[in-house]
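Examining the three-dimensional arrangement
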Amino acid sequence: MSALPRLDIVATGVFAISGALQAAHARQNLVTFAFFAAVTGVGGGTVRDLLIGAPVFWMHASTPLAVCLLMAMLVWFTPARLWPRHAIDWFDGMGLAAYAVYGAAKAQAYGIPWVPAAIMGVVTACMGGIFRDVLANVPSIVIRPELYVTAAALSAGSYVGLTACGLPMVAATGIAFAAGFLLRGAAIRHGLNLPTYRL
């Protein structure tokens, strides 16, 4: 796990930005900004830790919530015109890939077998965004047409598979993050999606 704590903080920060931007779109107050940022930043990791039997990470360190609050303040004091139209999607995509890798790695560190470990990566990556969208009363990002959960699964599965094949953790982390983020980015730009069910 020693190579991954920075990835955890980066993921927390970019997810927190996406939560604060959602509050900005809803024209909420500063307290709501902070709440959205915190729920989005730590929500997925909280569910992961509860499921794998780990201490809930933000209850034992001040950094995660401090990062969320700082990101909320950053968005609050930044003019809206400086944020791109799809900023939420892009920051969420970065957090998605980073948290998918970190979540899978942490699950493995707690002795979780490779398949559920990969699923814990997906849970870590997706739950914060789900909580954010539910709070904002907008359609959940996981049921929008373009690829989302698939990108998280690619990152988490790639990390688990690459480390199982003996690739060093740092290299596996970089490749898995890039794979998930590039797929999510392509989905945002080009509307990539999986075939839907037909009767």
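Residues numbered from 1 in each chain as written. Predicted model: local features only at pLDDT ≥ 70, side-chain atom pairs only at ≥ 80, totals over all residues. Heavy atoms only, no water.

All right, on to the UniProt feature "transmembrane region" (unreviewed entry) in the protein then. According to UniProt, the feature "transmembrane region" (unreviewed entry) maps to residues 50-75, 111-135 and 170-188 in the numbering used here. Each end of residues 111-135 is marked by a C-alpha atom, and these two atoms are 33 Å apart; helix forms 88% of the span and strand 0%. Summarising residues 170-188: 100% helix, 0% strand, and an end-to-end C-alpha distance of 27 Å. (UniProt positions renumbered as here; feature names shortened; annotations may be inferred. Helix = DSSP H or I, 4+ residues; strand = E, 2+ residues; numbered from the N terminus.)

On to the state of the cysteines, then. Applying the stated rule across the entire model yields zero disulfides. For Cys 68, which is in no disulfide, the shortest distance to another cysteine sulfur is to Cys 126 and amounts to 17 Å. Judged by relative accessible area, which is 0%, Cys 68 ranks as buried. You can call Cys 126 buried: its relative accessible area is 4%. (Disulfide = S-S within 2.5 Å. Buried < 20%, exposed > 50% of the residue type's maximum accessible area, 1.4 Å probe, protein only.)

This brings us to the UniProt feature "domain: Glycine transporter" (unreviewed entry) in the protein. In the numbering adopted here, UniProt assigns the feature "domain: Glycine transporter" (unreviewed entry) to residues 7-78 and 90-162. Split by type, residues 7-78 is 78% helix and 0% strand. Its first and last C-alpha atoms lie 25 Å apart. Split by type, residues 90-162 is 78% helix and 0% strand. Its first and last C-alpha atoms lie 25 Å apart.

A few words now on the packing of helix 4 (residues 87-109) against helix 6 (residues 149-164). At a minimum axis separation of 8 Å, helix 4 and helix 6 run at an interaxial angle of 40°. It follows from the interaxial angle that helix 4 and helix 6 lie oblique. Along this stretch, helix 4 crosses helix 6, giving a crossing that reads as right-handed. Across the interface between the two elements, Leu 96, Ala 97, Ala 100, Val 101, Ala 104, Ala 105 and Gln 108 from helix 4 touch Ala 151, Ala 152, Ser 155, Ala 156, Tyr 159, Val 160 and Thr 163 from helix 6. (Axes fitted to C-alpha atoms, helices over the stretch in contact; angles between N-to-C directions. Parallel < 35°, antiparallel > 145°, perpendicular 65-115°, else oblique. Left-handed = near helix turned anticlockwise from the far one by under 90°. Contact = heavy atoms within 4.5 Å.)

Glancing now at the pattern of salt bridges. The tally for this structure, following the rule as stated, stands at four salt bridges. Two residues, Asp 49 and Lys 106, come together in a salt bridge whose shortest N-O distance is 3.1 Å. In this pair, Asp 49 is assigned in helix 2 (residues 30-52) and Lys 106 in helix 4, connecting sequence segments 57 residues apart. On the accessibility criterion, Asp 49 (0% relative accessible area) is buried. Owing to a relative accessible area of 8%, Lys 106 belongs among the buried residues under this scheme. Here the salt bridges do not stand alone but share partners, grouping Arg 48, Asp 49 and Lys 106 into one network. (Salt bridge = Lys/Arg side-chain N within 4 Å of Asp/Glu carboxyl O.)

It is worth spelling out the nonpolar core at this point. Of all hydrophobic cores here, the largest spans 47 residues; its most connected members are Leu 21 and Leu 96. Of all the elements in the fold, those that place two or more residues in this core are helix 1 (5-25), helix 2, helix 3 (63-76), helix 4, helix 5 (114-136), helix 6 and helix 7 (169-190). It is helix 4 that provides the largest number of residues to this core, a total of 11 residues. Within the second largest apolar cluster, six residues are counted, among which are Ile 52, Ala 54, Met 120 and Val 123. (Core = buried A, V, L, I, M, F, W, Y, C linked by side-chain atoms within 4.5 Å.)

As enumerated under the stated definition, the model contains four aromatic pairs in all. An angle of 70° between the planes, with centres 6.1 Å apart, marks the rings of Trp 90 and Phe 181 as edge-to-face. Of this pair, Trp 90 sits in helix 4 while Phe 181 sits in helix 7; the two residues are 91 residues apart in sequence, bridging distant segments of the chain. The exposure class of Trp 90 is partly exposed, given its relative accessible area of 29%. With centroids separated by 5.9 Å and ring planes inclined at 10°, the aromatic side chains of Phe 177 and Phe 181 adopt a geometry described as stacked. (Phe/Tyr/Trp six-rings, centres within 6.5 Å; stacked < 30°, edge-to-face > 60°.)

With that out of the way, let us pick up unusual backbone geometry. The phi dihedral of Arg 27 is positive, around 55°, even though this residue is not glycine. Relative to the elements of secondary structure, Arg 27 occurs in the loop between helix 1 and helix 2. Owing to a relative accessible area of 76%, Arg 27 belongs among the exposed residues under this scheme.

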